[in-house]
Amino acid sequence: MKSLSKIVTVIGLTFMIISCQNNSKPNYQFFPNMYESVAYETYSESDAFNSKNGLQGKEGQLPAEGSIKRGFVPYEIPNTTEGYEFSKTITTSPLDSISLNPEKGKELFNIYCAICHGEKGNGKGKLVEREKFLGVPSYKDREITNGSIFHVVTYGLNSMGSHANQLTQEERWQVADYVLKLKSEL
């Protein structure tokens, strides 16, 4: 009798499990958003960063007030004539002898500066020879220091634009060191 009740129980459970199954409509779906995610158009508006202040989509993307990017050292000298004159008083690079790499400085100078200033720093680059820019000075005639070169590369001067977006602070100091080397060779 016990074996008959066990057999009936097993058959009954099997029947219940099989009868509840519907292959065309699964019964339960765990985490349905993973299977059927909401579709968004690329570059469309989103409510993800809406704030109470009315800064639609901007507040969540702003850095914290007063924060500084990791590895970034602020350059405190302003982009003024007085700032440029003050930068001439900086005669040494903050890079130590291990960080200074003349080959890297030369490479960066040839990429960003030689087109106007010439590979020797004589003010006779390709654009000057083709008369696209006139009046590019030779480093020989200029009273320059590490600080003034860094300042000019950071902010630009006269027709020369800023290279702060193309070169990191360390790379700008590398270029400044190489420019002084070129000046000594002229």
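Here the structure is a predicted model, which means the values were calculated and not measured.

Student: Can you break down the overall build of the chain residue by residue, with the values?
Tutor: Counting its secondary structure elements, the chain contains 8 helices and 0 strands. Across the chain, helices and strands are ordered from the amino to the carboxyl terminus as α-α-α-α-α-α-α-α. Every one of the 186 residues in the chain was classed for burial, and the buried ones make up 24%. Look at the contacts in the chain between residues 6 or more apart in sequence, and 57% of them connect residues 24 or more apart. When the accessible area of the chain is evaluated, it comes to approximately 14800 Å², of which 55% is carbon and sulfur surface.

Student: Describe unusual backbone geometry, listing the residues and the values that go with them.
Tutor: Even without being a glycine, E131 presents a positive backbone phi close to 60°. Checked against the element boundaries, E131 lands in the loop between α6 (126–129) and α7 (146–155). By relative accessible area, E131 is classed as exposed at 63%. Positive phi, close to 55°, is recorded for N158, a residue that is not glycine. Looking at the secondary structure, you find N158 in the loop between α7 and α8 (169–185). The class of N158 is exposed, set by a relative accessible area of 75%.

Student: Lay out the nonpolar core in plain terms, naming residues and giving numbers.
Tutor: Judged by nonpolar contacts, the single largest core of 17 residues is most densely connected at F109, Y139, I149, V175 and V179. Taken together, the elements giving at least two residues each to this core come down to α4 (102–112), α7 and α8. Take this core: its biggest share by element is 6 residues, from α8. Leaving out residues up to four positions away in the same chain, I149 has contacts with I144, A176, V179 and L180.

Student: An account of the state of the cysteines is needed here, citing residue identities and associated values.
Tutor: For the structure shown, the criterion picks out 0 disulfides. Lacking any disulfide linkage, C113 is separated from the closest cysteine sulfur, that of C116, by 8.7 Å. The class of C113 is buried, set by a relative accessible area of 10%.

Student: Pulling in residues and values, what's your account of the pattern of salt bridges?
Tutor: Between side chains of opposite charge, a pair can form when the charged atoms approach closely. In the structure shown here, the tally under the stated rule is 2 salt bridges. Between K88 and E85 there is a salt bridge, with its nearest N and O atoms 4.0 Å apart. Residue E185 pairs with K181 through a salt bridge whose shortest N-O separation is 3.1 Å. Taken together, the residues span about one helical turn, with E185 and K181 both in helix α8 at a distance of 4 residues.

Student: With reference to specific residues and values, describe the packing of aromatic side chains.
Tutor: Inspection of the entire model under this criterion finds 5 aromatic pairs. Each ring, one from Y75 and one from F150, has its centre 5.0 Å from the other, and the planes form 70°; the classification is edge-to-face. Here Y75, found in the loop between α2 (32–35) and α3 (81–87), pairs with F150, found in helix α7; they are 75 residues apart in sequence, far enough to count as distant. Between Y75 and Y155, the aromatic rings sit 5.8 Å apart at their centres with planes inclined by 45°, giving tilted as the arrangement. Of this pair, Y75 sits in the loop between α2 and α3 while Y155 is found in helix α7, placing the two residues 80 residues apart along the sequence. We classify Y155 as partly exposed; its relative accessible area is 27%. Put simply, the rings of Y75, F150, Y155 and W173 touch in pairs and so form one group of aromatic residues.

Student: Could you give an account of a nonpolar patch on the surface, with specific residues and numbers?
Tutor: Together, F30, F31, M34 and Y35 make up an exposed nonpolar region whose accessible area comes to about 620 Å². Looking at where F31 falls in the secondary structure, it is placed in the loop between α1 (2–20) and α2.

Rules used in this analysis
Residues numbered from 1 in each chain as written. Predicted model: local features only at pLDDT ≥ 70, side-chain atom pairs only at ≥ 80, totals over all residues. Heavy atoms only, no water. Helix = DSSP H or I, 4+ residues; strand = E, 2+ residues; numbered from the N terminus. Buried < 20%, exposed > 50% of the residue type's maximum accessible area, 1.4 Å probe, protein only. Contact = heavy atoms within 4.5 Å. Areas by Shrake-Rupley, 256 points an atom, 1.4 Å probe, with all protein chains shown as cover. Core = buried A, V, L, I, M, F, W, Y, C linked by side-chain atoms within 4.5 Å. Disulfide = S-S within 2.5 Å. Salt bridge = Lys/Arg side-chain N within 4 Å of Asp/Glu carboxyl O. Phe/Tyr/Trp six-rings, centres within 6.5 Å; stacked < 30°, edge-to-face > 60°. Patch = residues over 30% accessible without salt bridge, like charges linked within 9 Å, V, L, I, M, F, W, Y side chains within 5 Å.

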